[in-house]
Amino acid sequence: QVQLVESGGRLVQAGGSLRLSCAASGRTFSGYAMGWFRQAPGKEREFVSSISWRGYTTQYVDAVKGRFTISRDNAQNTVYLQMNSLKPEDTAVYYCAAGRGTVLVPDGINYWGKGTLVTVSS
């Protein structure tokens, strides 16, 4: 059974940092892009960041460029999201996702995690 399990979400003050982790299990993710989406209260789920299997290709939504960094450790089947200079508008449930290919697209997600809540206080 394939599982993506997120961790690291918590309450943090604006300007602070968090590192989210997503541990994948149940299959090899060779050839899969992995990454993060988020859903804020009352809003639709949006793409945040993705990374290709070998890490050569990364993508970020404009709102987090320069503040968030995605990485992955294929030996550990884990993907990370380092979030710095957090803002209240970053408050959301963050979902880990995996999909075949170099980049993640909403229609191409094969696996989703259950999410981890990040709350940024002002």
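As a reminder, the structure under discussion sits directly above these lines.
Okay, so let's go over this structure. As the structure is a prediction and not an experimental result, all values here were calculated from the model.

### Description of the overall build of the protein
Moving on, step 1. The secondary structure content of the protein amounts to zero helices and 11 strands.
Moving on, step 2. Secondary structure of the protein in N-to-C order comes out as β-β-β-β-β-β-β-β-β-β-β.
Moving on, step 3. Scaling as 2.2 N^0.38, a compact globule of 122 residues should have a C-alpha radius of gyration of about 14 Å, and the protein matches this with 13 Å.
Moving on, step 4. If you line up the protein on its principal axes, its C-alpha atoms span 40 × 25 × 25 Å.
Moving on, step 5. Expressed as a percentage of the 122 residues in the protein, the buried residues total 40%.
Moving on, step 6. Within the protein, counting contacts between residues at least 6 apart in sequence, those at least 24 apart form 58% of the total.

### Here's the deal with the sheet that holds strand 3 (residues 18-25)
Moving on, step 1. Ordered in space as 1-3-8-7, the four strands form an open sheet in which the pairing is antiparallel. Lying at the two open borders of the sheet, with one neighbouring strand each, are strand 1 (3-7) and strand 7 (68-73). Looking at each pair of strands side by side, their axes are set apart by 15 degrees on average, direction ignored.

### Overview of the nonpolar core
Moving on, step 1. With 26 residues, the main nonpolar core has Met 34, Trp 36, Leu 81, Met 83 and Tyr 94 as its most contacted residues.
Moving on, step 2. Only strand 3, strand 4 (32-39), strand 5 (46-51), strand 7, strand 8 (78-83), strand 9 (92-100) and strand 11 (116-121) provide two or more residues apiece to this core.
Moving on, step 3. Aside from chain neighbours lying at most four places away, what touches Met 83 is Gly 16, Ser 17, Leu 18, Leu 20, Arg 67, Phe 68, Tyr 94 and Val 118.
Moving on, step 4. The next biggest cluster of nonpolar side chains, apart from the first, holds five residues, and it includes Ala 33, Ala 97, Leu 104 and Ile 109.

### Some remarks on the environment of Pro 88
Moving on, step 1. Position of Pro 88 relative to the elements: it lies in the loop between strand 8 and strand 9.
Moving on, step 2. Of the residues examined, Pro 88 reaches a relative accessible area of 33% and is grouped as partly exposed.
Moving on, step 3. Each C-alpha atom of the pair Pro 88 and Gly 16 lies 11 Å from the other, and the pair is 72 residues apart in sequence.
Moving on, step 4. Apart from residues lying up to four places away in sequence, Pro 88 is in contact with Ala 14, Val 120 and Ser 122.

### A short note on empty space enclosed by the protein
Moving on, step 1. All chains considered together, the criterion is met by one cavity of 30 Å³ or more.
Moving on, step 2. For the largest cavity, the full set of lining residues is Ala 24, Phe 29, Met 34, Trp 53, Arg 72, Asp 73, Asn 74, Asn 77 and Thr 78.
Moving on, step 3. For the lining of the largest cavity, the class distribution of residues is four nonpolar, three polar and two charged.

### Re the state of the cysteines
Moving on, step 1. Applying the stated criterion across every chain, the model contains one disulfide.
Moving on, step 2. The partner cysteine of Cys 22 in its disulfide is Cys 96, sulfur to sulfur 2.1 Å. Handedness of the Cys 22-Cys 96 disulfide follows from its S-S torsion of about -80 degrees: it is left-handed. You can see Cys 22 sitting in strand 3 and its partner Cys 96 sitting in strand 9, a full 74 residues away along the chain. Accessibility assignment for this pair places Cys 22 and Cys 96 in one class, buried.

The rules we used
Residues numbered from 1 in each chain as written. Predicted model: local features only at pLDDT ≥ 70, side-chain atom pairs only at ≥ 80, totals over all residues. Heavy atoms only, no water. Helix = DSSP H or I, 4+ residues; strand = E, 2+ residues; numbered from the N terminus. Rg over C-alpha atoms; globule rule 2.2 N^0.38 Å. Buried < 20%, exposed > 50% of the residue type's maximum accessible area, 1.4 Å probe, protein only. Contact = heavy atoms within 4.5 Å. Pairing = 2+ DSSP bridges. Axes fitted to C-alpha atoms, helices over the stretch in contact; angles between N-to-C directions. Core = buried A, V, L, I, M, F, W, Y, C linked by side-chain atoms within 4.5 Å. 1 Å grid on protein atoms, 1.4 Å probe; cavity = no way out; pocket = protein on both sides within 12 Å on 5 of 7 lines; lining within 4 Å. Points joined across faces, edges and corners; volume = space filled by probe spheres on them. Nonpolar A, V, L, I, M, F, W, Y, C, P; charged D, E, K, R; others polar. Disulfide = S-S within 2.5 Å.

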